[in-house]
Amino acid sequence: MKIPEKLKEGKVISIEIVPPKRGEDVENIYRALDKLMKYNISFVNITRHPVEIEYIEHDNQIIKVPKVKRPGTIGLTATIMKRYNVDVVPHIVCIGMNKYEIEDLLIDLSIMGVDNVFVIRGDVDERFMNTKSDYKYAYQLVSQINEMNNGRYLYTQAKPTDFCIGVAGYPEKHYEAPNFETDLRFLKQKVESGADFIITQMVFSAEIYKSFVERCRNEGINVPIIPGVKPIVNRKSLYMVPKRFFVNIPQSFVEALENARSKDEEYKVGIKFSLKLIEALFESGAPGVHLFTMGRGDEICEIMKEIENVL
């Protein structure tokens with residue numbers, strides 16, 4: 001089922017998982033999902049990593065090797081759909097693939113019965129600089145998918161696909177954008193190119209989310225906007241998350257976590273804050289909540305136990 005249709009039926013909870021690193025055991029993912037899928041999870045989002053360029057020594061010479069650190073997005077999509085009978089939304093990344101490879105990937109997903117895809121540009125990093133990339137911006141990939149939905153493939157007319165397209169939004173501005181107005185203009189461009197829904201970068205304040213939605217509506221962006229939530233349940237993450245994702249954490253939560261006297265107390269403080277945040281997001285009009293699991297499931301299960309009764 002397409003995500004906007006799910007949202008019409010009521011508030012939803014979705015989760016995002018990260019594929020295992022190359023060669024690691026995928027059973028860890030299944031063990032986490034076995035616990036999580038006991039709850040009312042509306043859909044599972046699976047991240048996709050771009051190609052990284054590594055230089056390795058082989059036969060006494062240095063060679064350039066393109067690698068994906070965490071392959072398996074498409075395989076996991078098929079397996080999770082079958083194993084748990086749940087809608088799966090794979091990420092499609094601009095960087096590291098040319099438009100013909102992307103078209104083939106989308107054809108595979110259409111054959112698999114995938115209804116929704118999530119389009120991101122991907123991080124711009126010298127490790128990901130790959131000459132195969134045809135697109136610099138997410139809206140260009142959104143346009144390609146929209147063309148396929150209208151039966152216009154790259155070099156032929158064909159049976160239309162029927163993908164619902166999600167894109168990312170940044171309630172605190174994307175770190176590369178010079179200002180909020182520019183960032184909103186780029187987001188609107190993605191929607192005008194065919195995006196059907198937005199999942200935001202993680203937020204730690206319902207006020208920030210509400211303000212973002214209001215600014216989007218004023219800009220003429222009228223698709224559903226689902227806030228992303230990342231439970232922080234230890235002091236280490238308190239400092240790692242803002243560094244990596246360029247987000248702000250409320251001072252009251254910082255103080256509460258820093259004053260915790262044990263790991264167990266840190267965990268309880270983090271869960272309590274996440275539950276209050278989700279409640280506030282629903283009260284502010286959020287159509288659902290998207291939970292970032294980062295490959296783990298314990299804290300998400302704890303949260304799901306509490307919030308299922310209010311859905």
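Coordinates for the structure precede this section.
What counts, and where the lines are drawn
- Residues numbered from 1 in each chain as written.
- Predicted model: local features only at pLDDT ≥ 70, side-chain atom pairs only at ≥ 80, totals over all residues.
- Heavy atoms only, no water.
- Phe/Tyr/Trp six-rings, centres within 6.5 Å; stacked < 30°, edge-to-face > 60°.
- Helix = DSSP H or I, 4+ residues; strand = E, 2+ residues; numbered from the N terminus.
- Buried < 20%, exposed > 50% of the residue type's maximum accessible area, 1.4 Å probe, protein only.
- Lys NZ or Arg CZ within 6 Å of the ring centre and 35° of its normal.
- Pairing = 2+ DSSP bridges.
- Axes fitted to C-alpha atoms, helices over the stretch in contact; angles between N-to-C directions.
- Contact = heavy atoms within 4.5 Å.
- Expected span 1.5 Å × (residues − 1).
- Core = buried A, V, L, I, M, F, W, Y, C linked by side-chain atoms within 4.5 Å.
- Salt bridge = Lys/Arg side-chain N within 4 Å of Asp/Glu carboxyl O.
- Right-handed = clockwise from strand over helix to strand, strands pointing away.

A. Region of interest: the packing of aromatic side chains. Taken as a whole and judged by the stated rule, the model has five aromatic pairs. When the centroid spacing of 6.2 Å and the interplanar angle of 25 degrees are considered together, the rings of Tyr100 and Tyr155 count as stacked. Of the two residues, Tyr100 is situated in helix α4 (residues 99-112) and Tyr155 in the loop between α5 (138-149) and β7 (164-169); the sequence distance between them amounts to 55 residues. In this structure Tyr155 comes out as exposed when scored by relative accessible area, which is 62%. Centre to centre, the rings of Tyr137 and Tyr139 are 6.2 Å apart; their planes meet at 20 degrees, and the pair counts as stacked. Lying over the aromatic face of Tyr30, Arg83 brings its terminal NZ or CZ to 4.2 Å of the ring centre. Arg185 extends its terminal NZ or CZ atom over the ring of Phe186, reaching a point 5.6 Å from the ring centre.

B. Here's a closer look at the sheet that holds strand β8 (residues 197-202). Pairing is parallel in the closed barrel, where eight strands are placed in the order β1-β2-β5-β6-β7-β8-β9-β10. Each neighbouring strand pair of the sheet contributes to a mean axis angle of 30 degrees, computed without reference to strand direction. Of the pairings in the sheet, the one linking strand β9 (residues 225-229) to strand β10 (residues 288-292) comprises two bridges and is parallel in character. Bridged to Val229 within β10 is Leu291. Of the strands in this sheet, β7, β8 and β9 touch helix α7 (residues 206-218), which is tilted by about 155 degrees from β9.

C. Structural detail: the environment of Gly122. Within the fold, Gly122 resides in the loop between β6 (116-120) and α5. Residue class for Gly122 comes out buried when judged on its relative accessible area of 13%. For the pair Gly122 and Val223, spaced 101 residues apart in the sequence, the C-alpha separation amounts to 22 Å. If sequence neighbours within four positions are ignored, Gly122 has contacts with Val93 and Ile95.

D. Molecular detail of α5. Between its terminal C-alpha atoms α5 stretches 17 Å, which fits the 16 Å expected from twelve residues at 1.5 Å a residue. Trailing α5 by a residue or two, Gly151 shows a phi angle of about 80 degrees, which is positive.

E. Structural detail: the nonpolar core. In this structure, Ile15, Leu33, Ile80, Leu109, Leu281 and Leu291 are the most contacted members of the largest nonpolar core, which totals 82 residues. Residue contributions to this core peak at eight residues, all from helix α10 (residues 263-283). Excluding residues within four positions of it along the chain, Leu33 makes contact with Ile15, Ile17, Ile80 and Tyr84. Residues Phe43, Val93, Ile95 and Ile199 belong to the second largest nonpolar core, which totals 14 residues.

F. Region of interest: the environment of Phe292. As for its position among the elements, Phe292 is in strand β10. In this structure, Phe292 is in contact with Glu16, Thr200, Met202, Gly228, Val229, Lys230, Pro231 and Ile300, ignoring residues within four places of it in sequence.

G. Spotlight on the pattern of salt bridges. Tallied over the entire structure, the rule returns nine salt bridges. Two residues, Lys35 and Asp298, come together in a salt bridge whose shortest N-O distance is 2.6 Å. Here Lys35 is found in helix α2 (residues 27-36), whereas its partner Asp298 is found in helix α11 (residues 298-307), with 263 residues between them in sequence. Overall, Asp298 belongs to the partly exposed group, its relative accessible area being 45%. As a salt-bridge pair, Glu176 and Arg121 come within 2.8 Å of each other at their nearest N and O atoms.

H. Focus on the pairing of β6. Within β6, five of the five residues are buried, leaving the element largely enclosed by the surrounding structure. Direction of pairing for strand β5 (residues 87-93) relative to β6: parallel, over a ladder of three bridges. Residue pairing in the sheet places His91 in a bridge with Phe118 of β6. You can see the chain leave β5, run along α4 and come back into β6, and the turn it takes is right-handed. Bridge analysis of β6 against β7 gives four bridges, and the strand direction is parallel.

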